[in-house]
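Each chain, written out:
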Amino acid sequence: MKKLAWILFGSALIFCLPARAQDAPKYEIGGGYAFRSFDDTIYNIRLNMNGWDAFGDYHIWRFINVAADVSGTYSFYGTNPNSISYTGNTSIYNVLAGPQLYPFGHNHKITFYGHLLFGEGMYVYNLPSEGGFHAVHHFDSGLTWMGGGGFDVRVTKHWSVRLPEADYEQTHFFGGGAGINQGNYRVSVGAIYRFGAK
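What counts and what doesn't
- Starting from 1, residues in each chain are numbered consecutively following that chain's sequence as written.
- Local features in a predicted model are, by the rule used here, given only for residues with pLDDT of at least 70; side-chain atom pairs are given and counted only at 80 or more, and totals for whole chains, interfaces and linings are based on all residues.
- Based on all heavy atoms of the structure, the side-chain values leave hydrogens and waters out of the count.
- In this description a helix means any DSSP run of H or I spanning at least four residues, a strand means any run of E spanning at least two, and both kinds are numbered starting from the N terminus.
- Note on classification: 1.4 Å probe, protein chains only; a residue is buried when its accessible area is under 20% of the maximum for its type, exposed when over 50%, partly exposed between these limits.
- Residues count as neighbours in contact if any of their non-hydrogen atoms are within 4.5 Å of one another.
- Accessible areas in this description were obtained via Shrake-Rupley with a 1.4 Å probe; residue shielding takes into account the shown protein chains only.
- In this description, strands pair whenever DSSP reports at least two bridges between them.
- Here an angle of 0 to 180 degrees is reported between the N-to-C directions of two axes, which are lines fitted to C-alpha atoms, with helices fitted over the stretch in contact.
- Aromatic rings from Phe, Tyr and Trp, taking only the six-membered ring of Trp, are treated as a pair when their centres fall within 6.5 Å; an angle between ring planes under 30 degrees marks them as stacked, one over 60 as edge-to-face, and anything in between as tilted.
- Charge-over-ring contacts are defined here by two conditions on Lys NZ or Arg CZ: a distance within 6 Å of the ring centre and an angle within 35 degrees of the ring normal.
- Salt-bridge detection follows one rule: a side-chain nitrogen of Lys or Arg within 4 Å of a carboxyl oxygen of Asp or Glu.
- Patch criteria: residues need more than 30% relative accessible area and no salt bridge. Like-charged residues are merged within 9 Å; nonpolar side chains of Val, Leu, Ile, Met, Phe, Trp and Tyr are merged within 5 Å.

Take the overall build of the chain next. The number of helices and strands found in the chain is one helix and eight strands. Going from N to C terminus, the chain has its helices and strands arranged as α-β-β-β-β-β-β-β-β. Taken over 198 residues, the chain has a buried fraction of 46%. Considering only intrachain contacts with a sequence separation of at least 6, the fraction spanning at least 24 residues in the chain is 63%. For the chain, the exposed area adds up to about 9,800 Å²; of that, 67% sits on carbon and sulfur atoms.

What follows is the structure in structure tokens.
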């Protein structure tokens with residue numbers, strides 16, 4: 001999946017080269033549902049997490065936009081498979097920004113895009129006191145990057161639907177260095193409002 005993310009972004013970059021200038025919306029904002037498969041390297045398990053995603057981008061030149069993405073996903077069963085408690089919860093938040101490329105331009109019924117975003121991630125784990133065990137609270141943050149892409153389908157002049165966007169995401173929690181990181185997968189869908197669409 002990591003290679004696929006780079007292939008999607010690289011393909012978007014290559015196809016952007018011959019793209020012709022065309023009227024593009026100045027701003028786009030949107031939000032929707034996000035699913036994250038999180039690689040929990042503490043307990044060596046993978047968590048399926050559900051949550052939200054908010055995104056926007058600003059058109060700067062031809063096929064290039066500057067994009068921002070903020071997401072939060074949650075698992076409400078704890079992360080420790082040996083724990084007797086099922087009331088724990090894990091939360092992952094990311095704030096990312098970077099280039100978003102539209103290789104065939106913006107003014108199409110179906111618009112393809114690819115991006116490579118960088119920023120900060122936050123990991124929060126809470127396990128309440130239960131069965132004589134002390135409560136556990138763990139917080140960590142670290143650098144995060146995400147690459148991938150997807151499709152937008154225009155519904156009206158200003159509204160579009162974001163079809164499943166597929167991304168590979170790498171977080172650096174738990175003292176993440178060169179050898180400690182988490183390879184995650186994220187899929188999101190949502191609605192987009194386009195300002196200045198013609």
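A few words now on the sheet that holds strand β4 (residues 89-101). An order of β1-β2-β3-β4-β5-β6-β7-β8 is seen for the eight strands of this closed barrel, with the pairing classed as antiparallel. The average angle at which neighbouring strand axes cross in this sheet is 25°, direction not considered.

What follows deals with the packing of aromatic side chains. In this structure the tally under the stated criterion is 15 aromatic pairs. Ring plane angle 75° and centroid distance 5.7 Å describe the contact between tyrosine 74 and tyrosine 93, whose orientation is recorded as edge-to-face. With tyrosine 74 in strand β3 (residues 64-75) and tyrosine 93 in strand β4, this residue pair connects regions lying 19 residues apart in the sequence. The class for tyrosine 93 is partly exposed, based on a relative accessible area of 26%. Geometrically, the ring pair formed by tyrosine 123 and phenylalanine 173 is tilted, given 6.0 Å between the ring centres and 45° between the ring planes. Here the residue tyrosine 123 occupies a position in strand β5 (residues 110-127), and phenylalanine 173 occupies one in the loop between β7 (159-171) and β8 (182-195), the gap between them amounting to 50 residues. For phenylalanine 173, a relative accessible area of 0% gives the class buried. An aromatic cluster is present here, built from Phe38, Tyr123, Phe173 and Phe174 joined pairwise through their rings. For arginine 162, the ring lying beneath its charged end belongs to phenylalanine 55, and the centroid distance is 4.4 Å.

This paragraph deals with the environment of serine 91. Mapped onto the secondary structure, serine 91 falls in strand β4. C-alpha of serine 91 to C-alpha of asparagine 50: the two residues are 41 residues apart in sequence and 9.6 Å apart in space. Sequence-distant contacts of serine 91, defined by excluding residues within four places in its chain, comprise Met49, Thr73, Tyr74, Met122, Tyr123 and Val124.

Another point: the pattern of salt bridges. Per the counting criterion, the structure on display carries eight salt bridges. The residue glutamate 165 makes a salt bridge to arginine 186 at a minimum N-O spacing of 3.4 Å. Taken together, the positions of glutamate 165 in strand β7 and arginine 186 in strand β8 put the pair 21 residues apart, joining distant regions of the chain. Both residues of the pair, glutamate 165 and arginine 186, count as buried.

The next subject is a nonpolar patch on the surface. Residues Tyr27, Ile29, Tyr58, Ile60, Trp61, Val66 and Phe195 make up a contiguous nonpolar surface patch of roughly 680 Å² in combined accessible area. Going through the elements one at a time, β1 (27-40) and β2 (45-61) are the ones with two or more residues in the nonpolar patch. Ranked by residues supplied to the nonpolar patch, first place goes to β2 with three residues. Counting through the fold element by element, phenylalanine 195 comes out in strand β8.

This brings us to the environment of tyrosine 193. In this structure, tyrosine 193 sits in strand β8. Between the alpha carbons of tyrosine 193 and isoleucine 29 there is a distance of 5.5 Å; along the sequence they are 164 residues apart. Filtering out sequence-adjacent residues up to four positions away, tyrosine 193 remains in contact with Tyr27, Glu28, Ile29, His158 and Trp159.

Along the polypeptide, arginine 194 turns up in strand β8. The class for arginine 194 is buried, based on a relative accessible area of 6%. Each C-alpha atom of the pair arginine 194 and lysine 157 lies 8.0 Å from the other, and the pair is 37 residues apart in sequence. Apart from residues no more than four positions distant in its own chain, arginine 194 is found in contact with Pro25, Tyr27, Glu28, His106, Asn107, Arg154, Lys157, His158 and Ser160.

That's the geometry; what it means functionally is another story.
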